[in-house]
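# A look at the structure
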There are 2 protein chains.
Amino acid sequence: MIRIGILGYGNLGRGVESAIKQNDDMKLVAVFSRRDPSTVKIQTSDVAVYGIDALETMQDAIDVLILCGGSATDLPVQTPQYAAKYNVVDSFDTHARIPEHFANVDAAAKKAGKIGIISCGWDPGMFSLNRLYANCVLPEGKDYTFWGKGVSQGHSDAVRRIEGVKDCRQYTIPVDAAMEAVRAGKNPELTTREKHVRECFVVAKEGADLGKIEEAIKTMPNYFADYDTTVHFITEEEMKRDHSGLPHGGSVIRTGKTGLNGENTHVIEYKLTLDSNPEFTGSVIVAYARAAYRMNREGMSGCKTVFDIAPAYLSAQSGEELRAHLL
Amino acid sequence: MIRIGILGYGNLGRGVESAIKQNDDMKLVAVFSRRDPSTVKIQTSDVAVYGIDALETMQDAIDVLILCGGSATDLPVQTPQYAAKYNVVDSFDTHARIPEHFANVDAAAKKAGKIGIISCGWDPGMFSLNRLYANCVLPEGKDYTFWGKGVSQGHSDAVRRIEGVKDCRQYTIPVDAAMEAVRAGKNPELTTREKHVRECFVVAKEGADLGKIEEAIKTMPNYFADYDTTVHFITEEEMKRDHSGLPHGGSVIRTGKTGLNGENTHVIEYKLTLDSNPEFTGSVIVAYARAAYRMNREGMSGCKTVFDIAPAYLSAQSGEELRAHLL
């Protein structure tokens, strides 16, 4: 049994927790939180919740520690810190800071003889893998990534910070016509506005100026100004009833040419349609936790990404079984 | 420069040849054939064609030998034979014989300190990879593979062997309704007949009994009897004009559930739409030839499949570049 610890118990921590239950070779040992452990109620009744300090002394009880904190401030500190004591997996997704994060985790993990897998999930993660494979197979081509339809937590949070907004759910929606042109091998040059639209469902505070809120959303730089955005004002009851899920997904598409004169066109598409973003992300992370455990048992150490990990390490099946059933 | 040799110069050999030209770190050194080399005209003007015996003494000139023979009789002999002298890549696709082929290639390659990559292409190959990743991420789910629309060489050949048939092109076509039910997460149980239909374009010999040919096709065991098959009789001119390409493709789909009570559904789809089956297969093989070269340079040896190869080995870019641009 691979013994797993979870640090951080938000949506992603819960997703990891439920994913572990689907894998017979794994066991959740404990959840760790910065909150007072007595206030954290988890879904698995027979598993303990500890304060974060307990991680100082639990190396003998945990094979892989899964870090479920945020990329902005938690993971840049936590992943190197705990890679010095545990095999770790995180879902660090601040693209610009990946080189620095990789270097920090690599140094700590190598020194400790541990494996640290970073940037694991679906983007970065499964989408990255598919970009890499498709680029290697079709060197002369063009990449497209479409996201959605799905809830963007970052955009929802940004709207919530606007004066007069009580709650918001923001959906990112790919533009069908753009996707169809890409799938047809037309290699369109697409602006930000042509690829995705944004739709916001907003609960306003009593007496708030709705026109002002809508204006503040639509003109918000980086988040909304470059997109066609629709704003709907709804009640708290409607929010709860219609928008409590966290669906997401999208497509990675690469189109390319082969032949001596580029006469043949090929389209590779990897598409995800996810009812629950955190549960799917948790499922990917748990598969890579198995890889971290197995690679470390073979004597490997240091920081790894999905690019560095042979697919067979993700599976509980032997090489013989995989070749017989999945090849 | 990675120096490549090609053994066997049919459709696949030509596909590999044109793929090499798209990769700046590779160079085609020679094509080897069992035919009289003076009769083999290749597409690359400055490259030599040799008889197969020349392979006995060209180890210093070739880094990876790509084997483009057939799975029925060529590769079971050739891959172990040449893995004893070269890093090799093949596209062996007789699923039932993969364990035996793997063992033979593994023994020869290990003894020689070489890498032998088998069963490389899109199915087996990229489709297998996607089955594996999706199974690891969604352990509670169901796999579907649809092929087509595309030309099946095996089925076309089978029809050509019927008395009175001069030429045939057989298309395998997935049933839209079945794919849509799968994509909608309905987890249908599908019979062979419900998943694919077959369409044959046949040029008959003068005076042949068309009714008899059609009957012979539709009742042919294994190949057609379990499918709804349409037969069209066409002229040689129509065959040449409308059916000279070798398009193919298909989708690997896995649907699965997550959550404590399996309350959330996810759909993972990997879809290929290929104008040229042999050129795409050749492109996959060439990317794995790079992996064979790099893994062997790091001291690895033995038989490998796509499952055993970390994705980064397929790319000419460094780890830093991949993390910066594709992660």
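Everything here concerns the structure above.
This text gives an overview of the structure that appears in the document. (Residues numbered from 1 in each chain as written. Chains lettered and ligands numbered in written order. Predicted model: local features only at pLDDT ≥ 70, side-chain atom pairs only at ≥ 80, totals over all residues. Heavy atoms only, no water.)

Another point: the overall build of chain A. If you tally the helices and strands in chain A, you get 11 helices and 14 strands. In terms of C-alpha radius of gyration, chain A reaches 22 Å, essentially the compact-globule figure of 20 Å for 327 residues. With respect to the principal axes defined by its C-alpha atoms, chain A has extents near 65 × 55 × 35 Å. Within the span of chain A, comprising 327 residues, buried residues form 57% of the whole. Accessible area for chain A stands at about 13500 Å²; split by element, carbon and sulfur atoms hold 47% of it. Seen as two clouds, the 37 positive and the 43 negative side-chain charges of chain A have centres 3 Å apart. (Helix = DSSP H or I, 4+ residues; strand = E, 2+ residues; numbered from the N terminus. Rg over C-alpha atoms; globule rule 2.2 N^0.38 Å. Buried < 20%, exposed > 50% of the residue type's maximum accessible area, 1.4 Å probe, protein only. Areas by Shrake-Rupley, 256 points an atom, 1.4 Å probe, with all protein chains shown as cover. Lys, Arg positive; Asp, Glu negative; His and termini not counted. Charge placed at Lys NZ, Arg CZ, Asp CG, Glu CD.)

Turning our attention to the interface of chain A and chain B. A common way to express how large an interface is: the accessible area buried when the components associate. Facing 63 residues of chain A, the contacting portion of chain B comprises 63 residues. Between chain A and chain B, roughly 5700 Å² of surface is buried when both sides are summed, and carbon and sulfur atoms account for 64% of that area. Put simply, chain A and chain B have zero salt bridges between them. The interface formed by chain A and chain B includes 25 residue pairs in polar contact (both at pLDDT 80 or more). (Contact = heavy atoms within 4.5 Å. Buried area = accessible area lost by both parts, 1.4 Å probe. Salt bridge = Lys/Arg side-chain N within 4 Å of Asp/Glu carboxyl O. Polar contact = N/O pair within 3.5 Å; in protein donor to acceptor, adjacent residues only side chain to side chain.)

Here we come to the relation of the copies chain A and chain B. The transformation that overlays chain A on chain B combines an axial shift of 0.0 Å with a rotation of 180°, and the residual RMSD is 0.0 Å. Within this description, the copies of the chain are treated as partners about a two-fold rotation axis. The rotation axis passes nearest to the C-alpha of Ala-310 of chain A in chain A, at a distance of 1.9 Å. Take the interface residues of chain A: 100% of them recur as interface residues in chain B, which is what a same-surface contact looks like. (Least-squares fit on C-alpha atoms with pLDDT ≥ 70 in both.)

For the rest of this paragraph, the subject is the pattern of salt bridges. A complete count under the given rule lists 36 salt bridges over all chains for this structure. Across the salt bridge formed by Asp-25 of chain A and Arg-290 of chain A, the nearest N and O atoms sit 2.8 Å from each other. Of this pair, Asp-25 of chain A sits in the loop between helix H1 (11-20) and strand E2 (26-33) while Arg-290 of chain A sits in helix H10 (residues 277-297), and the two are 265 residues apart along the sequence. Among the residues examined, Asp-25 of chain A registers a relative accessible area of 22% and is labelled partly exposed. Of the charged contacts in the structure, one is a salt bridge between Arg-241 of chain B and Asp-242 of chain B, with a shortest N-O distance of 2.8 Å. Overall, the relative accessible area of 40% leaves Asp-242 of chain B in the partly exposed class. A network of salt bridges, in which partner residues are shared, links Asp-157, Arg-160 and Asp-167 of chain A.

Residues and elements named next belong to chain A. Its place among the elements puts Ser-251 in strand E12 (residues 248-258). Of the polar contacts made by the side chain of Ser-251, one reaches the side chain of Glu-269; its length is 2.7 Å. If sequence neighbours within four positions are ignored, Ser-251 has contacts with Phe-127, Tyr-144, Thr-145, Phe-146, Met-179, Arg-183, Glu-269, Tyr-270 and Lys-271.

Moving on to the packing of H1 of chain A against H10 of chain A. All names here are of chain A. Axis separation between H1 and H10 bottoms out at 7 Å; the angle between their running directions is 55°. Relative to H10, H1 is oriented oblique. Between H1 and H10 lies a crossing whose hand is right-handed. Packed against H1, whose contacting residues are Asn-11, Leu-12, Gly-15, Val-16, Ser-18, Ala-19 and Ile-20, the element H10 presents Pro-278, Glu-279, Thr-281, Gly-282, Ser-283, Ile-285 and Val-286 at the interface. Partitioned by chemical class, the residues of the contact of H1 with H10 number seven nonpolar, six polar and one charged. (Axes fitted to C-alpha atoms, helices over the stretch in contact; angles between N-to-C directions. Parallel < 35°, antiparallel > 145°, perpendicular 65-115°, else oblique. Left-handed = near helix turned anticlockwise from the far one by under 90°. Nonpolar A, V, L, I, M, F, W, Y, C, P; charged D, E, K, R; others polar.)

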